[in-house]
Amino acid sequence: MAALKKGKNASATSNPWRSLALILIAIVALTGGMFASGHTTPRLGIDLAGGTSITLAAVPEAGQESAINKTNMNTAVSIMERRVNGLGVSEAEVQTQGTRNIIVNIPKGTNSKQAREQVGTTAKLYFRPVIATELAGGGTAPSPSATGDESEQDSGKDKATDKATDKATDGSSPSASTGPSASATTQGRAVTDALKADETPSASPSGKAEDSPSASGGASGGADSKLQAQYAALDCTKESVRAKAGDGSKATDSIVACGQNSQGQWQKYVLGPAAVDGTDVDEADAVLNTQTGAGWIVTMKFTGKGAEKFADITGQLAQKQSPQNQFAIVLDNEVVSDPYVSQALTGGNAEISGNFNQQSSQELANMLSYGALPLTFREDSVTTVTAALGGEQLKAGLIAGAIGLALVVLYLLVYYRGLSFIAILSLLVSAALTYVIMSLLGPTIGFALNLPAVCGAIVAIGITADSFIVFFERVRDEIREGRTLRPAVERAWPRARRTILVSDFVSFLAAAVLFVVTVGKVQGFAFTLGLTTVLDVVVVFLFTKPLLTLMARRKFFASGHKWSGLDPKALGAKPPLRRTRRSPAPAMTKEA
């Protein structure tokens, strides 16, 4: 028998411990990460844990098919997520699937009817005048100076330009001497050359914060006693309180609302009746202003009636003191921006500039442009599963998996005998990796184990066992040719490796295609199938092959024990090939 060539195969043969150590380190590291994250079990989907799953399909308006794009879908997801969280749901999941579908998964204990009403319906966007505002949670916003130095005020606020004339006002309005409002928002500020924004609250001349709403504009001037009581009791630092602020109010009502400033602090507001409706905004775009160096801005164009309303209200606000010269943009009763006004804005065009980046400016532009949800959604399906039914389905899935695993192990024991020990250990390693990775994927990417995913894991048992069988049969073929075990393992591996890689590539390709073209729970099956297929390659290369290499050095396997599964007689092996010398041919007698 020819000796093995030195090189790549010889190196792999002499270092099986290296591969085993590598996969052992990976398992220990992943397990440590799982316990460190506090998520020691896979996250269960709605069909196993119980809850409501809503599938929404985006429907474009006539002639606006291009509106279904990644940006608009992400904006819709963020708005829906805010609404669902407003229901007090802590583990709700809102995510896109495909190019035009959104899946909303709401766990058990939530009013499914209310959830269906909240997601997918058009939200309410209004422009409301600010009556009073202060920091929530016990703190108050400092009262702005009414006679502050003009240059000092301009240094702390964003500069706005008139979209129509591109002319900076720099406080030329008579009311520009009024200090900026103490409020700040997350979306940046102010509109055109009269709407300006302040990123940081200005201090009171006395250095003291006022405690009453009137210090921030005087709630008593425009709100009745009931509204003042709501304002005093409003604690915007609590999510449950924020969700109920302004509930049941109409556009013509004065309301209390919450908003977050640029420092991440929650502020509470008393807002007057809606002066401009979100539907009065004809168009809004995020634009990078390179001429003035203002960075990303949001441009707005109003409809004919909207321009008149906007000019009227800004003219009224410009005559008032801060913060009653502020204008709140309110989405679903939450303030997303609160610029202040120094003069009437006419012409029907406006700009909002401030501390924007491309993403935040695009989000605000979408909210303004579409009045809330950038697309219309059709409810495709709603699935409600009780916790009891989910538990029964999980139990049934685990039983099915256990039966499938037991049948595979029984087949390996009967057919491969001693070799089944290697196969079973490989299955256990694959199962451990799958469990740990699924537990980590829950908090990392929001992966939830649903019933189809359990089916994918059961199918993966057969795929993994098939890889072992391919390798073992190649080794047996070499033994049948008369080779001993150690050379047989090394000669069988290259051919088995090619077959395993091709087979797993086909399985992974099928899983990837299924994941891309399907929507909903079927994607769970495809994802699990793809994940376990990749892990099959890792386990075969780093565990099964090195372990068989080590076992081939053991007498039990190397001698071909009848219970090893590698008995040459049982396999019908040929006698070993031996090299023999040819006998010399008899000398031919030459004749003269």
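Residues numbered from 1 in each chain as written. Predicted model: local features only at pLDDT ≥ 70, side-chain atom pairs only at ≥ 80, totals over all residues. Heavy atoms only, no water.

**Q** Can you walk me through the packing of helix 13 (residues 451-480) against helix 14 (residues 485-517) in this structure?
**A** Any two packed helices are characterised by the angle at which their axes cross and by the distance between the axes. Between helix 13 and helix 14, whose axes approach to 8 Å, the crossing angle comes to 145°. With respect to the hand of their crossing, helix 13 and helix 14 are arranged in right-handed fashion. The residue makeup of the contact of helix 13 with helix 14, split by class, is 12 nonpolar, four polar and six charged. (Axes fitted to C-alpha atoms, helices over the stretch in contact; angles between N-to-C directions. Helix = DSSP H or I, 4+ residues; strand = E, 2+ residues; numbered from the N terminus. Left-handed = near helix turned anticlockwise from the far one by under 90°. Nonpolar A, V, L, I, M, F, W, Y, C, P; charged D, E, K, R; others polar.)

**Q** I keep staring at the packing of aromatic side chains and nothing clicks. Help me out?
**A** Two aromatic rings, taken as a pair, are described by how far apart their centres are and by the angle between their planes. Counted under the stated rule, the structure contains 14 aromatic pairs. Taking the centre distance of 4.9 Å and the plane angle of 85° together, the rings of Tyr415 and Tyr416 count as edge-to-face. Tyr415 sits in the partly exposed class, given a relative accessible area of 39%. A ring pair is formed by Phe471 and Trp493, whose centres lie 5.1 Å apart and whose planes are at 65°; its orientation type is edge-to-face. Pair noted here: Phe471 is in helix 13 and Trp493 is in helix 14, with a separation of 22 residues, a long-range link. Comparing Phe471 with Trp493 shows no difference in burial state: the two are buried. (Phe/Tyr/Trp six-rings, centres within 6.5 Å; stacked < 30°, edge-to-face > 60°. Buried < 20%, exposed > 50% of the residue type's maximum accessible area, 1.4 Å probe, protein only.)

**Q** Just to check I follow, could you spell out the environment of Thr31 for this structure?
**A** The topology assignment puts Thr31 in helix 2 (residues 16-37). Classification of Thr31 by relative accessible area gives partly exposed; the value is 23%. Sequence spacing of Thr31 and Ala432 is 401 residues, and the spatial spacing of their C-alpha atoms is 9.0 Å. Looking at Thr31, its side chain comes within polar contact range of the main-chain oxygen of Ile27, at 2.7 Å. (Polar contact = N/O pair within 3.5 Å; in protein donor to acceptor, adjacent residues only side chain to side chain.)

**Q** What's the story with the environment of Phe356 in this structure? I'm lost.
**A** Relative to the helices and strands, Phe356 is located in the loop between strand 15 (349-353) and helix 10 (358-370). Sequence separation between Phe356 and Val298 is 58 residues; the distance between their C-alpha atoms is 8.9 Å.

**Q** Would you take a moment to explain helix 12 (residues 419-445) for this structure?
**A** Every α-helix carries 3.6 residues per turn, so stepping three or four residues along brings you back to the same face. Between its first and last C-alpha, helix 12 extends 38 Å over 27 residues, near the 39 Å set by a 1.5 Å rise per residue. Downstream of helix 12 by one or two residues, Gly446 has phi in the positive range, about 80°. (Expected span 1.5 Å × (residues − 1).)

**Q** Quick question: what am I supposed to make of the sheet that holds strand 10 (residues 281-289) here?
**A** Working definition: the strands of a sheet are paired by backbone hydrogen bonds and lie parallel or antiparallel to each other. Taken in spatial order, the three strands make up an open sheet running 10-11-15, and their pairing is antiparallel. The open sheet is flanked by strand 10 and strand 15, the only strands paired with a single partner. Neighbour-to-neighbour, the strand axes of the sheet open up by a mean angle of 25°, direction not taken into account. Where strand 10 lies against strand 11 (residues 295-302), eight bridges are found, and the strand directions are antiparallel. Along strand 11, the bridge assignment pairs Ala284 with Met300. (Pairing = 2+ DSSP bridges.)

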